Amino acid sequence: MRIPALPPQLRLSADGPVATLVVDRPDRLNAFTLQMWAALPEAAAAVEADPEVRVLVIRGPSGGPFSTGADIDEFTTVRREPADAQAYTEVVQRAEAAVSGLSKPVVALIEGWCVGGGCQLALACDVRVAADGASFGITPAKLGIVYPLTSTARLVHTVGHATARFLLMTGEVVDAQRALRMGLVDEVCSPHAVRRRAYALATMLAGRAPISVAGAKALIDRVLAGQESDDAWTRELYAASYHSPEYAEGVAAFGERRVPDFRDCAWPSLGRVEA
């Protein structure tokens with residue numbers, strides 16, 4: 001994978017089909033600077049462009065935290081004026097959109113704190129696996145900030161409007177088990193097992209049929225954007241899948257009672273709709 005020039009607090013690497021983006025700023029509990037937010041789209045683009053990479057894992061250093069969100073100490077400079085605050089918000093939204101807009105699945109491996117913009121980043125991922133002991137919160141109500149509409153929509157789609165109201169209006173931090181009950185995370189594992197589980201899940205996703213995984217992401221985005229009926233694009237997608245090498249391999253593997261091998265199937269290029 002071509003590794004772009006990223007801030008030193010962001011490390012991108014690949015091991016076979018699984019790429020990893022590590023957020024590593026432990027002295028500030030992995031708080032994001034404006035420079036770090038601005039670099040996320042380039043990291044996502046590198047993952048998208050690599051034909052060998054099929055999954056991205058985003059995590060903090062071993063043991064966490066995932067991220068405590070934006071670096072508030074920067075706000076007196078980079079958000080001093082209303083125009084500056086608007087520009088800052090747009091940078092964060094582009095970073096969020098770059099992660100959610102990947103055609104490849106993204107797994108958030110969450111240890112420790114996952115609050116504010118850190119939770120915003122985790123919600124932009126497709127799957128969230130958390131360590132028991134992780135903490136979650138969306139805290140604009142503690143800062144006098146109004147959460148962006150796109151981020152609010154993603155939260156509502158994930159946890160429902162009642163839980164979204166609670167999280168946004170109170171700014172309360174909840175533990176991993178409560179986050180699981182809310183639907184904020186998909187799995188909670190013991191601290192010693194969470195990394196193994198997250199990467200096992202990433203490896204599983206990398207081994208699934210590319211056209212099925214990419215197609216599922218694209219279709220889900222369309223549903224979230226309000227589409228509920230087939231159109232020419234969806235029908236073309238179905239037809240492409242029936243003529244795909246994945247379909248041929250999947251049917252053959254089923255008949256031969258073996259695990260299908262999709263490693264030679266290229267990642268498809270599908271149109272995406274940002275929900």
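Above this text you will find the structure in question.
Residues numbered from 1 in each chain as written. Predicted model: local features only at pLDDT ≥ 70, side-chain atom pairs only at ≥ 80, totals over all residues. Heavy atoms only, no water.

**Quick word on the sheet that holds strand β6 (residues 127-131)**
Here is step 1: Taking strand neighbours across the sheet as the criterion, the six strands line up as β1-β2-β3-β4-β6-β9 in an open arrangement whose pairing is mixed. Two strands bound the open sheet, and with one partner strand each, they are β1 (10-15) and β9 (187-189). Averaged over all pairs of adjacent strands, the angle between their axes in this sheet comes to 20 degrees, without regard to strand direction.
Here is step 2: Sheet analysis places β1 next to strand β2 (residues 18-23), joined by six bridges and oriented antiparallel. Across the sheet, residue Asp15 finds its bridge partner in β2, namely Val18.
Here is step 3: Across the sheet, helix α1 (residues 34-49) touches β1, β2 and β3 (55-59), and the angle it forms with β1 is around 15 degrees. (Pairing = 2+ DSSP bridges. Helix = DSSP H or I, 4+ residues; strand = E, 2+ residues; numbered from the N terminus. Axes fitted to C-alpha atoms, helices over the stretch in contact; angles between N-to-C directions. Contact = heavy atoms within 4.5 Å.)

**Quick notes on the pairing of β6**
Remember that side chains alternate between the two faces of the sheet whenever the strand is regular.
Here is step 1: Burial of β6 is extensive: five of the five residues sit out of reach of the surface.
Here is step 2: Judged by which residues are buried, β6 turns out to be covered on both faces: Val127, Val129 and Ala131 on one side and Arg128 and Ala130 on the other are all buried.
Here is step 3: Where strand β4 (residues 106-110) lies against β6, four bridges are found, and the strand directions are parallel. Residue pairing for β6: Ile110 is matched across the bridge by Ala130. (Buried < 20%, exposed > 50% of the residue type's maximum accessible area, 1.4 Å probe, protein only.)

The analysis is restricted to geometry; functional conclusions fall outside its scope.
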